[in-house]
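# Understanding the architecture of this molecule
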Amino acid sequence: MESYEARVHSAFGGRTPDAGDPRVLAWLIRRNGLEMAHLSRGSHIGSVFSVAEIIAVLYARVLRVDPAAPKMPDRDRLILSKGHAGSAVYAALAETGFFPVEELSTHYANGSRLSGHVSHKGVPGVEVSTGSLGHGLAVGAGMALGARMDSEAWRTFVVLGDGECDEGAVWETALQAAQFRLDRLIAVVDYNHMQSLDFVKNTLALEPFESKWRDFGWNALSCDGHDVNGLEKAFAWAEGNAGTGRPSVILANTVKGKGVSFMENDILWHYRTPQGEEYEAALRELEAQRP
Amino acid sequence: MRDAFVRALLREMARDERIVLVTGDLGFGVLRPVKEQFPDRLLNAGIAEQSMVGLAAGLAATGRKVVVYSIGNFPTLRPLEQIRNDCAYHGADVKIVCVGGGFVYGSLGMSHHATEDMAVLRAIPGVTCFTPGDPAETEAVVPAMFQTPGTCYLRLGRGNEPHAHEEPVPDWRFPKAIRLREGRDIALLSAGGILVELKRAAEKLAEAGVSAEVVSFPCLKPLDREAVLSLAGRFTDLITVEEHTILGGFGGAVCEVIAEAGCPCRVHRLGLKDEFSAVVGNQAYLRHLYGIDGEAIAEKAMALINEKRTDAGRNP
């Protein structure tokens, strides 16, 4: 039987995909995300697809991390606060060498290390387990504070969902991080404009979102969350804000379900698992987009 | 206990520079010496307990021991999920300190009565729960708390309360129960600041010719099982007292040990029944009202003793 890894890499015709290229890594995140949701009958594929470029640019271009030394003391920290998109991080870690790609096939399975929401237990490269929303930014602020107390230069990145910003704890930390002048704390919102049951604007509207963050004392910038060059520039901007005394947030405008036409902007794909003809159709669309 | 805690904390902070204190905008005056001696290791997180505890977990991940300080239910029930997910699940070296366990802030009303914290915190895996009975026990357990890795909970009483121990408690060994008074007829057990009421009860009972043993459990979890089983072997009736609901707290923990061991021993739990403390009153008033002051404990003990004597008379 064909291995999991051979199957998800088959579009590369026997060549090893270059996960150091953010476009390739984003594609691999989607391809693995589709396969993992299909095998596990798990949900949240729409969020995995919307966050794909954000995670890809972080691992391919931004984070100072070493798969050979995942606990390296001066590594950058990444917290996926929207833990339900965990398979995106698992895929990025596996494809960049933190653990074997083959293990992704165990996602959701009995006895696996790879729970549906991102887990740090025994998984190299994951700093913090999340799943309940509104936790990650505070933990990241604590890490950034600790780094500053130690005069360390490493950065803390926290990826949030837009729906997650309904949580009061996000805004508690927005106040604290500004008060404590945590300018090596960088938040990224996967702003796919949809949450669990409906569009964000029909649930708890966040706009004017950028000025909300600015009013809380943050540097804020919006960008296209699927444009890897734009994302890279946004991260360079955020890194350049070290010294401003203000934390930074990137509002990455994304499309939920991005990459598969019938999943895009359809709330159904927050929960639905791709099976049968839907799986085949999604696979055809992704394979046609291989960079 | 609050002042004993601050004294012990200052000693530990002098000894270990990794200790950092985060307050939820409370402790005016009490925390002043910390601010004076270790200004770089004191942080006010504001009135934002959820992110205070999450932030503490993140700080702990950078190699620190983080003390989170607040009052009543604010450092426990409010950020409960942050304690469970961010601290305990990650083995974070966060020490949650509550001043005002039970009815300390009695007249402020139900919101300020910490009467479910022990039950809730001890249910979280990996959380070690310290429940010192008086200032002397507080000074004894604080160093042990900092030697205990991972997430801990420290439940304190108030400032300026009477001492139960006449002397300091030297060489306390984690997680041992402490016997205050040896007795023959009945045993009184407690966790937390209610201990002084047990001592008063024992004194009253002594006047009536009843010899009561008094044992404090400054560590609720892990509970000193050997001490419980030893008491269960020596007494037919144990009275547990807690300034807390009787559901799932100290009395419940004692019952678990005794039921699992199959001891032929009855446990009588004194504490708040399944109800809110909705009455206005100070700590002494509420302790009396809810049947956990020295007088009420002594009455319960006398009733049990008389019951036994009557039974013995019927079945000589």
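Every chain begins its residue count from 1, and numbering advances along the sequence as written. To read the labels, note that chains go from A and ligands from 1, taken in the order they are written. With the structure being a predicted model, the display of local features is reserved for residues of pLDDT at least 70 and the display and counting of side-chain atom pairs for 80 or more, all residues being used for whole-chain, interface and lining totals. Side-chain descriptors were evaluated using all non-hydrogen atoms of the structure, hydrogens and water having been removed beforehand.

## What to know about the overall build of chain B
Our working rule: A run of H or I in DSSP becomes a helix once it reaches four residues, and a run of E becomes a strand once it reaches two; helices and strands are each numbered from the N terminus. Atoms counted for the radius of gyration: C-alpha only. Globule rule: 2.2 Å times the number of residues to the power 0.38. Only protein chains enter the accessibility calculation, which uses a 1.4 Å probe; a residue is then buried when its area is under 20% of its type maximum, exposed when over 50%, and partly exposed in between. The contact rule is simple, with two residues in contact once any of their heavy atoms fall within 4.5 Å. Computed with a 1.4 Å probe, the accessible areas rest on the Shrake-Rupley method; for each residue, only the protein chains presented here act as cover. Positive residues here are Lys and Arg, negative ones are Asp and Glu, while His and the chain termini are left out of the count. Where a charge lies is defined by one atom per residue type: Lys uses NZ, Arg uses CZ, Asp uses CG and Glu uses CD.
Counting its secondary structure elements, chain B contains 11 helices and 12 strands. Over its C-alpha atoms chain B spans a radius of gyration of 19 Å, differing by no more than 12% from the 20 Å that the globule rule assigns to 316 residues. Considered along the principal axes of its C-alpha atoms, chain B spans approximately 70 × 40 × 35 Å. Across the 316 residues of chain B, 60% fall into the buried class. Across chain B, contacts joining residues at least 24 apart in sequence account for 77% of those joining residues at least 6 apart. Total accessible area computed for chain B in this model is approximately 12600 Å², and 51% of it derives from carbon and sulfur atoms. Taken as two groups, the 35 positive and 40 negative side-chain charges of chain B have centres that lie 2 Å from each other.

## Observations concerning the interface of chain A and chain B
This is how it is decided: Put simply, buried area is how much 1.4 Å-probe accessible surface two parts lose in total, over both of them, once they are put together. A carboxyl oxygen of Asp or Glu within 4 Å of a side-chain nitrogen of Lys or Arg is what we treat as a salt bridge.
Of the residues lining the interface, 24 residues belong to chain A; the matching set on chain B comes to 23 residues. If you sort the residues of chain A by the area they bury against chain B, H135(A), E172(A) and Q176(A) come out on top, with a joint share of 27%. The interface formed by chain A and chain B contains one salt bridge. D150(A) serves as the salt-bridge partner of R64(B), at 2.5 Å between the closest nitrogen and oxygen. If you list the elements that add at least two residues to the side of chain A that touches chain B, you get α6 (136–149) and α7 (168–179) of chain A. Of all the elements, α6(A) adds the most residues to the side of chain A that touches chain B, at nine residues.

## Section: the confidence of the model for chain B
Put simply, the rule reads: In predicted models, pLDDT denotes the confidence assigned by the predictor to each residue on a 0 to 100 scale.
Confidence in the prediction for chain B averages 96 pLDDT; 99% of positions are at 70 or higher. Scored as a whole, the predicted complex attains pTM 0.96, and scored at its interfaces, ipTM 0.96.

## Focus on unusual backbone geometry
Each neighbour pair has its own omega, and for E207(A) with P208(A) the value is -5°, a cis peptide bond. With respect to the helices and strands, P208(A) occurs in the loop between β3 (185–191) and α8 (209–215). With omega at -5°, the peptide bond leading from F174(B) into P175(B) counts as cis. By the element assignment, P175(B) lies in the loop between β6 (152–156) and β7 (178–181). If you check the backbone angles, R181(A) has positive phi at about 55° while not being a glycine. Phi at H193(A) is positive, roughly 65°, even though this residue is not glycine. Mapped onto the secondary structure, H193(A) falls in the loop between β3 and α8. The exposure class assigned to H193(A) is partly exposed, which follows from its relative accessible area of 29%.

## Details of the pairing of strand β12 (residues 266–272) of chain B
Residue and element names in this part refer to chain B. Condition: Paired strands are those between which DSSP finds at least two bridges. Crossover handedness is defined by viewing with both strands directed away from the observer: a clockwise path from the first strand over the helix to the second marks the crossover as right-handed.
Inspection of the sheet shows strand β11 (residues 237–245) paired to β12 by six bridges, in the parallel sense. When the sheet's bridge partners are listed, D237 is paired in β12 with R266. Assessed by its sense of winding, the connection that carries the chain from β11 through helix α9 (residues 250–261) to β12 is right-handed.

## A short note on the nonpolar core
Applicable threshold: We call a set of buried Ala, Val, Leu, Ile, Met, Phe, Trp, Tyr and Cys residues a nonpolar core when their side-chain atoms join them within 4.5 Å. Bear in mind that the domain bounds are from an automatic or database domain assignment.
By size, the foremost hydrophobic cluster in this structure holds 78 residues, and its most contacted members are W213(A), W218(A) and F217(B). Residue assignment places this core across two domains, with domain 1 (2–156) and domain 2 (178–314) of chain B each supplying three or more. Residues in contact with F217(B), not counting those within four places in the same chain, are T131(B), A177(B), L189(B), S190(B), A191(B), L223(B), D224(B), A227(B), V228(B), L231(B) and F250(B). Of all hydrophobic cores here, the second largest spans 64 residues; its members include L34(A), V51(A), L104(A) and V159(A).

## Let's talk about the state of the cysteines
Inclusion rule: In this description, the term disulfide denotes a pair of cysteine sulfurs within 2.5 Å.
Enumeration according to the criterion identifies zero disulfides over all chains in this entry. Note on C165(A): no disulfide assigned, nearest cysteine sulfur contributed by C223(A) at a separation of 15 Å. C165(A) gets classed as buried once you look at its relative accessible area, which sits at 3%. C265(B) forms no disulfide, and the closest cysteine sulfur to it belongs to C263(B), at a distance of 6.5 Å.

## Looking at the packing of helix α1 (residues 2–15) of chain B against helix α6 (residues 135–147) of chain B
Residue and element names in this part refer to chain B. To keep things clear, this is the line we draw: Convention adopted: a line fitted to C-alpha atoms gives each axis, helices being fitted over their contacting stretch, and angles between N-to-C directions are expressed from 0 to 180 degrees. For a crossing to be left-handed, the near helix must be turned anticlockwise from the far one by less than a right angle; the clockwise case is right-handed. In this classification, the charged set is Asp, Glu, Lys and Arg, the nonpolar set is Ala, Val, Leu, Ile, Met, Phe, Trp, Tyr, Cys and Pro, and all remaining amino acids, among them Gly, are polar.
Two numbers describe how α1 lies on α6: the axes approach to 8 Å, and their chain directions differ by 30°. Note that α1 runs across α6; the crossing there is right-handed. Each of A4, F5, R7, A8, L9, R11 and E12 in α1 lies in contact with α6, whose residues at this interface are P135, T138, E139, V142, P143 and F146. Split by residue class, the contact of α1 with α6 holds eight nonpolar, one polar and four charged.

## As for the environment of S111(B)
Residue and element names in this part refer to chain B. Stated formally: Polar contact criterion, stated in full: a pair of N or O atoms within 3.5 Å, where within protein one must be able to donate a hydrogen and the other to accept it, and residues adjacent in sequence count only if both atoms are side-chain atoms.
The residue S111 is located in the loop between β4 (94–99) and α5 (117–122) in this model. Residues S111 and L43, 68 residues apart in the sequence, show an inter-C-alpha distance of 25 Å. Side-chain polar atoms of S111 contact the side chain of H112, separated by 2.8 Å.

## Description of the sheet that holds strand β5 (residues 128–130) of chain B
All names here are of chain B. Within the open sheet, the seven strands sit side by side as β2-β1-β3-β4-β6-β5-β10. Their pairing is mixed. Two strands close off the open sheet at either side, each with one partner strand: β2 (42–44) and β10 (219–221). Ignoring strand direction, the axes of neighbouring strands in this sheet form an average angle of 20°. One ladder, built from five bridges, connects β4 with β6; its direction is parallel. Residue pairing across strands places C98 opposite R155, the latter belonging to β6.

## Description of the domain arrangement of chain B
Residue and element names in this part refer to chain B. Taken domain by domain, chain B holds domain 1 (2–156) and domain 2 (178–314). Between the C-alpha centres of domain 1 and domain 2 the distance comes to 27 Å. Contacts between the two partners involve 28 residues from domain 1 and, on the opposite side, 36 residues from domain 2. Surface buried jointly by domain 1 and domain 2 totals about 2300 Å² across both partners, of which 57% is contributed by carbon and sulfur atoms. Seen at the junction of domain 1 and domain 2, the total is one salt bridge.

## Topic: the layout of surface pockets
As a reminder, the rule being used: Cavity: a set of points on a 1 Å grid over the protein atoms alone where a 1.4 Å probe fits but cannot get out. Pocket: an open set with protein on both sides within 12 Å along at least five of seven lines, its lining residues, like those of a cavity, having an atom within 4 Å of a point. Grid points are joined across faces, edges and corners, and a volume is the space filled by probe spheres set on the points.
Empty space within the largest pocket amounts to approximately 420 Å³. Around the largest pocket, the lining is made up of 20 residues, and of these T23(B), K35(B), L42(B), L43(B) and N44(B) lie nearest the centre. For the lining of the largest pocket, the elements supplying multiple residues, two or more each, are α6 of chain A together with β1 (19–23), α2 (32–37) and β2 of chain B. A breakdown of the residues in the lining of the largest pocket according to their chemical character gives 10 nonpolar, four polar and six charged.

## Examining the pattern of salt bridges
Following the criterion strictly, the structure yields 32 salt bridges over all chains and no others. Through salt bridges that share partners, R179(B), E182(B), E213(B) and R234(B) make up one connected network.

## Focus: a nonpolar patch on the surface
Condition: Residues enter patches when they are more than 30% accessible in relative terms and free of salt bridges; like-charged ones are connected within 9 Å and nonpolar ones (Val, Leu, Ile, Met, Phe, Trp, Tyr) within 5 Å.
A cluster of nonpolar residues, V279(B), Y285(B) and L289(B), forms a patch on the protein surface that exposes about 260 Å² of accessible area. Accessibility expressed as a relative area gives 42% for L289(B), which makes it partly exposed.

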